[in-house]
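# Structural overview
So the chains spell out like this:
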Amino acid sequence: MKYYVGIDLGGTNIAAGVVDETGKIICKYSRKTNIHQPFEDLVRDIAETGKEVVRQAGMTMEDITSVGMGSPSCINPKNNLLVFANNLGWSNVPLPAVLQSHFDVPVYVRNDADCAALGEVIAGAARNYENAIMITLGTGVGGGVILNRRIFSGCDHMGGELGHTKLIYHGVRCTCGQYGCLESYTSATALIRETKEAMAEHPESLLHQLVDGDLSRVEAKTVFDAAHQNDETALAVVDQYIDYLAAGLSSFVSIFRPDVLIIGGGISWQGDYLLDPLNEKLKGYIFSYREIGGPKAIRAELGNDAGIIGAAMLELSEEE
Ligand SMILES: [Zn+2]
């Protein structure tokens, strides 16, 4: 049996796991991400987290085949510099090289959303499938494309940015600087904005009571809570939100025709309340659905473990 180390670098925690070749996590360990320290010190922390989980698994680095890390950023393979990591305040730092200097085994660094998608295909919700699209509905919208059980990341590994496909021509400004991206309509941040806009128009809505009239207390979950109680304003916001999501996903189906669509992130915790209407709407949007059917949206299963497993399996995904 071969063993790998997978690391998920987040703005809050560095989570690491020893993962076997079947995608099973043997041991997990995490520590806080100290984003205020110099770059080299943070990378040392990351490496130490990886080494510590190996110790805790009762192994040594001799037992480990490779180390993989998912990072909230892109790596430019032309100069091997990390392009931009918003949460960490980094841009153009030699993350792969500095991380590699701490290990004798090969180190792979990829986008964290790609790693999560790979993890779900290897050991999670899409383990019975070869081709999957995953989107993560969080503060932003992460995207991962898995084709033949490998990450598809396009030229310079800059592809698969599904959250930044255009949904509305000249629409709402996105965090990326463009306008009308899927992210600006389907992220948790977008849902909060949409909820507040509906509240301003509907003073009678239950939504106001749920936050005691304090708009700063509106979360992504708030509108679902009110919808569960059949508040009309909330039901309309949720319906519109799911409609945006279905429209965006149907484009990915037209391009990639995956076996399955995986929905992750905080909003996916709504479960069937989100997925049932989403799948109904997809039937109306997917190309040729009536003639040949189409992929279903399913909920991600692994939570944060997906990123650890996918990162650990990066070497297998890269092999030719
Ligand atoms: Zn964008």
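Positions within a chain are numbered from 1, following the residues in the order the chain's sequence is written. Residue-level local features of this predicted model are given only where pLDDT is at least 70; pairs of side-chain atoms are given and counted only at 80 or more, and the full residue set underlies all totals for whole chains, interfaces and linings. Hydrogens are left out, water is left out, and the side-chain values use all remaining heavy atoms of the structure.

## A few points about the coordination of the zinc ion
Put simply, the rule reads: A donor here means any N, O or S atom no more than 2.8 Å from the metal (3.2 Å for Na, K and Ca); water is not included, so a site may seem to lack partners. In short, tetrahedral needs four donors with all angles between 85 and 135 degrees, square planar needs four and octahedral six donors with opposite donors over 155 degrees apart and all other angles between 65 and 115, and whatever is left is irregular. Working definition: helices are DSSP H or I runs of at least four residues, strands are E runs of at least two. Numbering for both runs from the N terminus. Here the term buried applies to any residue with accessible area under 20% of the maximum for its type, exposed to any over 50%, and partly exposed to those in between, with areas from a 1.4 Å probe on protein chains only.
Within the protein, the zinc ion binds to H164 (ND1), C174 (SG), C176 (SG) and C181 (SG); these donor distances fall in the range 2.0 to 2.4 Å. Every donor counted, the 4 donor atoms about the zinc ion form angles of 104 to 122 degrees at the centre, which fits tetrahedral coordination. Counting the intervening residues between successive donors of the zinc ion yields the motif H-x9-C-x1-C-x4-C. Placement of H164 in the loop between strand 11 (150-151) and helix 4 (183-186) and of C174 in the loop between strand 11 and helix 4 is noted, with a sequence separation of 10 residues between them. Judged by relative accessible area, H164 falls into the partly exposed class, the value being 24%. For C174, a relative accessible area of 6% corresponds to the buried category.

## Details of the domain arrangement of the protein
For clarity, the threshold we go by: Residue ranges labeled as domains rest on an automatic or database domain assignment. Contacts are residue-level and defined by heavy atoms, with any inter-residue pair within 4.5 Å sufficient. When two parts are brought into contact, each loses some accessible area as probed by a 1.4 Å sphere; the total of that loss over both is the buried area. Each salt bridge in this description consists of a side-chain nitrogen of Lys or Arg and a carboxyl oxygen of Asp or Glu lying within 4 Å of one another. Here a polar contact means two N or O atoms within 3.5 Å. Within protein one must be a hydrogen donor candidate and the other an acceptor candidate, and residues neighboring in sequence count only if both atoms are side-chain atoms.
On domain assignment, one finds that the protein holds domain 1 (3-124 + 304-318) and domain 2 (132-299). Each of domain 1 and domain 2 was reduced to a C-alpha centroid, and the two centroids are 28 Å apart. Taken residue by residue, the interface counts 19 residues in domain 1 and 16 residues in domain 2. For the pairing of domain 1 and domain 2, the buried interface totals around 1500 Å² over both sides, and the portion due to carbon and sulfur atoms is 63%. Taken as a group, D114, V121 and S317 account for 32% of the area that domain 1 buries against domain 2, more than any other trio of residues on that side. Where domain 1 meets domain 2, there are 0 salt bridges. Put simply, domain 1 and domain 2 have 4 residue pairs in polar contact (both at pLDDT 80 or more) between them. Sorting the residues of the side of domain 1 that touches domain 2 by element identifies strand 8 (107-111), helix 3 (112-123) and helix 12 (314-318) as the ones contributing at least two each. No other element matches helix 3, which puts 9 residues into the side of domain 1 that touches domain 2.

## Thoughts on the sheet that holds strand 10 (residues 141-147)
Note the cut-off: A strand pair is defined by DSSP finding two or more bridges across the two strands. Throughout, an axis means a line fitted to C-alpha atoms (over the contacting stretch in the case of helices), and angles, computed between N-to-C directions, take values from 0 to 180 degrees.
One open sheet accounts for 5 strands, arranged 11-10-9-12-13; its pairing is mixed. Edge positions in the sheet fall to strand 11 and strand 13 (296-299), since each of these pairs with one other strand and no more. Where strand 9 (residues 132-137) meets strand 10, 6 bridges bridge the pair, whose relative direction is antiparallel. Following the sheet pairing, T136 is matched in strand 10 by G142. The strands that helix 3 touches are strand 9, strand 10, strand 11 and strand 12 (260-264); relative to strand 10, the one it contacts most, it runs at about 50 degrees. Sheet strands in contact with helix 9 (residues 272-285) are strand 12 and strand 13, and its direction is about 165 degrees off that of strand 13.

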